[in-house]
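These are the residues of each chain, in order.
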Amino acid sequence: MNMIQALNSALDVMLERDPDVLLFGEDIGYFGGVFRVTDGLQAKHGKTRCFDTPIAEGGIIGAAIGMGAYGLRPVAEIQFVDYILPAYDQLVSEAARLRYRSGGEFWAPITVRSPYGGGIFGGQTHSQSPEALFAHVVGLKTVIPSNPYDAKGLLISSIEDDDPVIFMEPKRIYNGPFNGRHDEQLKSWAGDPTAEVPEGHYTVPLGKAAIVREGKEATVLAYGTMVHVAKAGIEDSGVDAELIDLRSIVPLDIETITASVARTGRCVILHEATRFAGFGGELSALIQERCFWALKAPIARVAGWDTPYPHAFELDYLPGPGRLAAALLKVMED
């Protein structure tokens, strides 16, 4: 399966498995979603289980919170994560606080799916990576897969979780992986080991990172599309670096991260979101607090530039293998 098919399979499995699960969002019913992730699910499960909504993100999330408090498990789609800001108050003030504010009497077991990130020339309002906005909010979980197998298992885990989960889908790799070089075409997921996705129910636990590549000289942390960029950058650098795919940034598998950094003594953090106050800053602080005496060089961050997302210069904005390789070589010199 490609990632779209894997996500579709996860939703199909959960609709069949749990009558309390339902899907809704803009154009996800009859049309199957702008990226076709929900294709065929309304025809199979009916209009009360998979339905369209008005273009009103605050209303979509507000309704999902009410459904969750009532006992349902809604999966809401925000068509592009750039458009989630009208619903941010609902997520922060209501969904994230409901369990605490009610003393555990109510909670919001909702999953909010949304495509994120660049690489498809969507311009400034269809390409952003705002994961740090959600990671900052106590009570929200934030999950970002990098391959089809993880996408299905993580989405099922998110739907089954009793806390609100922001599930961000890297649209650049929906249809296929790439060799990490933004100016070259995608490949087919066919033949990739992570495309071997079981048809039925399985889970990938939230808060458990994956070691994609073992190494002894440095640790590279990435998630989503940047996992593929990291593979290419490590190859180009010639550094024997360990690559860790975080898979979820909240909860964060800090144990796997610190064990790796304590062993290698060097760390480079890679994400496509803007650098200033990006999630890489939190990762850097956590590693410094826990691994200070093991570090042989300052922690490096490779990220998007601190500018609005540029349509014409997208390939310059996105962190590429060259920038990661340069950072790896720099930490090896220090």
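It should be noted that the structure appears before, not after, this text.
Residues numbered from 1 in each chain as written. Predicted model: local features only at pLDDT ≥ 70, side-chain atom pairs only at ≥ 80, totals over all residues. Heavy atoms only, no water.

A. Focus on the packing of aromatic side chains. Scanning all chains against the criterion turns up eight aromatic pairs. For the pair Phe292 and Trp293, a centre-to-centre distance of 4.9 Å together with 85° between the ring planes defines the contact as edge-to-face. The exposure class assigned to Phe292 is partly exposed, which follows from its relative accessible area of 45%. What makes Trp293 exposed here is its relative accessible area of 82%. The structure contains a cluster of three or more aromatic residues connected by ring pairs, namely Phe35, Phe80, Tyr83 and Tyr174. Here Arg36 stacks its cationic end above the ring of Phe31, 4.0 Å away from the centre of that ring. (Phe/Tyr/Trp six-rings, centres within 6.5 Å; stacked < 30°, edge-to-face > 60°. Buried < 20%, exposed > 50% of the residue type's maximum accessible area, 1.4 Å probe, protein only. Lys NZ or Arg CZ within 6 Å of the ring centre and 35° of its normal.)

B. Structural context of the sheet that holds strand 6 (residues 165–170). Strand order in the open sheet made by the seven strands is 2-1-3-4-6-5-10, with mixed pairing throughout. The outermost strands of the open sheet, each flanked by one partner alone, are strand 2 (50–52) and strand 10 (248–250). Put simply, the sheet's adjacent strands are angled 20° from each other on average, direction ignored. Where strand 1 (residues 21–25) meets strand 2, three bridges bridge the pair, whose relative direction is parallel. By the bridge assignment, Phe24 is partnered in strand 2 with Phe51. (Pairing = 2+ DSSP bridges. Helix = DSSP H or I, 4+ residues; strand = E, 2+ residues; numbered from the N terminus. Axes fitted to C-alpha atoms, helices over the stretch in contact; angles between N-to-C directions.)

C. Molecular detail of unusual backbone geometry. Between Val250 and the following residue, Pro251, the backbone shows a cis peptide bond with an omega angle of 0°. For Pro251, the position within the fold is in the loop between strand 10 and helix 9 (254–264). Positive phi, normally seen in glycine, also occurs at Arg247, with a value near 70°. Locating Arg247 in the fold gives a position in the loop between strand 9 (241–245) and strand 10. Look at Arg247 and you get buried, because its relative accessible area is 11%. The backbone of Ala277 sits at a positive phi, close to 60°, despite the residue not being glycine. Of note, Ala277 is situated in the loop between strand 11 (267–274) and helix 10 (279–291).

D. Expanded view of the layout of surface pockets. By volume, the largest pocket amounts to about 370 Å³. Around the largest pocket sit 21 residues that line it, and Gln128, Ser129, Pro130, Leu133 and Thr274 are the ones nearest its centre. At the level of secondary structure, the elements contributing two or more residues to the lining of the largest pocket comprise helix 6 (131–135) and strand 11. Of the residues assigned to the lining of the largest pocket, the class counts are 11 nonpolar, seven polar and three charged. Each pocket or cavity is described by its volume, and for the second largest pocket that value is around 290 Å³. Forming the boundary of the second largest pocket are 14 residues, of which Ala135, His136, Val250, Phe279 and Glu282 lie nearest the centre. Where the lining of the second largest pocket is concerned, the elements lending two or more residues are helix 6, strand 10 and helix 10. Looking at which element gives the most residues to the lining of the second largest pocket, the answer is helix 10, with three residues. (1 Å grid on protein atoms, 1.4 Å probe; cavity = no way out; pocket = protein on both sides within 12 Å on 5 of 7 lines; lining within 4 Å. Points joined across faces, edges and corners; volume = space filled by probe spheres on them. Nonpolar A, V, L, I, M, F, W, Y, C, P; charged D, E, K, R; others polar.)

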